[in-house]
Amino acid sequence: MSKIGIFFGTDTGSTRLVAKKIYSILGADIADKPKNINRTRVEELLQYDALILGTPSYGVGDLPGLAVGCQEANWAEFVPYLDDVDFSGKRIALFGLGHQERYASRFASSLIQLYRAFYGCGAQMVGRWSTEGYQFEHSDSIIDNQFVGLVLDQRGQAFLTDERLNVWLAQIKPLLLPELVQD
Ligand SMILES: Cc1cc2nc3c(=O)[nH]c(=O)nc-3n(C[C@H](O)[C@H](O)[C@H](O)COP(=O)(O)O)c2cc1C
C-alpha cells in the first residue's frame with residue numbers, strides 16, 4: 001500500500017506544526033513525514049496516490065510566497081510548476097490556516113487556489129468541511145456552503161484544532177486510502 005504524502009507551506013511555522021500533528025495522528029504506518037513545499041519537486045508529489053496539502057493565507061487571501069512578503073519561496077512559487085502535470089487518479093485533501101477575527105473578509109481564502117490548481121490537474125479532491133463553528137464575513141474557499149478542505153485558526157481557535165483534526169482525519173482516511181477499508 002502506498003502511503004499518504006503530507007506537504008505544507010508556512011512562513012511562521014503554524015502550518016508545519018499542524019502538518020506534524022496530522023502525521024502523528026495518522027501514524028508512520030500510513031503516512032510519510034511532512035515536507036516543506038519549498039524543498040519539494042512536483043515529481044515527489046506524483047510518487048503518492050494520496051496527498052494531504054496545507055497552506056496558510058497571506059497577502060489579501062493569497063497563497064504564501066515572495067510576492068506577499070514571505071521569507072522564502074512557498075506555494076506561490078511551486079504552483080506554476082503544476083502546469084500540464086497530470087494528477088488524475090490521485091486523491092488530495094487540503095487544509096488551510098487563517099485568522100478569522102483579523103481577516104474576516106478573506107478568511108483562509110488561499111485554500112481555493114490550491115484546490116483549483118490540483119483539481120485543474122485532474123486530481124480527485126476530498127475532505128470538504130463545514131463552516132459551522134467559525135465567525136467570519138467571507139471566504140473564497142467555500143463551494144456549496146462548505147470549505148474545500150479543513151480550515152484551522154491557530155490564532156483564535158487553537159483549542160479546537162486537535163478535535164477538528166481527529167474528526168476530519170477519520171473522515172478522509174478511507175477516502176484517501178480505500179485499500180484500508182477493503183482489508
Ligand atoms: C501579513 C499577513 C497577512 C495575512 N492574511 C490573511 C488572510 O488574508 N486571511 C486569513 O485568514 N489569514 C491571514 N493571515 C493569518 C495567517 O494565515 C495565520 O496567522 C497562519 O496561521 C500563519 O501560518 P504560518 O505560521 O504557517 O505561516 C495573515 C497573516 C499575516 C501576517
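The structure we're discussing is the one just above.
I will try to describe carefully the structure that is included in this document. (Residues numbered from 1 in each chain as written. Predicted model: local features only at pLDDT ≥ 70, side-chain atom pairs only at ≥ 80, totals over all residues.)

1. Digging into the environment of Ser24
We count it as follows: Every helix listed is a DSSP run of H or I at least four residues long, and every strand listed is a run of E at least two residues long, numbered separately from the N terminus. Using C-beta atoms placed from the backbone, we call a residue buried if 20 or more other C-beta atoms fall within 10 Å of its own, exposed if 12 or fewer do, and partly exposed for counts in between.
Assignment of secondary structure puts Ser24 in helix H1 (residues 14-26). Ser24 gets classed as exposed once you count the C-beta atoms within 10 Å, which come to 12. Taking C-alpha positions, Ser24 is 20 Å from Leu45, a pair spaced 21 residues apart along the chain.

2. Some remarks on the nonpolar core
Basically, it comes down to this: Only buried Ala, Val, Leu, Ile, Met, Phe, Trp, Tyr and Cys residues enter a nonpolar core, and they are joined through C-beta atoms within 7 Å. Two residues qualify as being in contact provided that their C-beta atoms, derived from the backbone, are within 7 Å of each other.
Core analysis: the largest hydrophobic core is formed by 48 residues, its most contacted members being Ile4, Leu51, Leu94 and Leu111. Where this core is concerned, the elements lending two or more residues are strand S1 (4-8), H1, strand S3 (50-56), helix H3 (75-78), strand S4 (91-97), helix H4 (111-120), strand S9 (150-152) and helix H5 (161-176). The element that contributes the greatest number of residues to this core is H4, accounting for six residues. For Leu51, the residues in contact, after removing those within four places along its chain, are Ile4, Gly5, Phe7, Leu45, Lys90 and Ile92.

3. Quick word on the sheet that holds strand S6 (residues 129-130)
Threshold: Paired strands, in this sense, are two strands between which DSSP finds at least two bridges.
Spatially, the three strands line up as an open sheet ordered S6-S8-S7, and their pairing is antiparallel. Since the sheet does not close on itself, it has two edges, and those belong to S6 and strand S7 (142-143), each with one partner. As paired strands, S7 and strand S8 (residues 146-147) are joined by two bridges and run antiparallel to one another. Each residue of the ladder has a partner; that of Ile143, found in S8, is Gln146.

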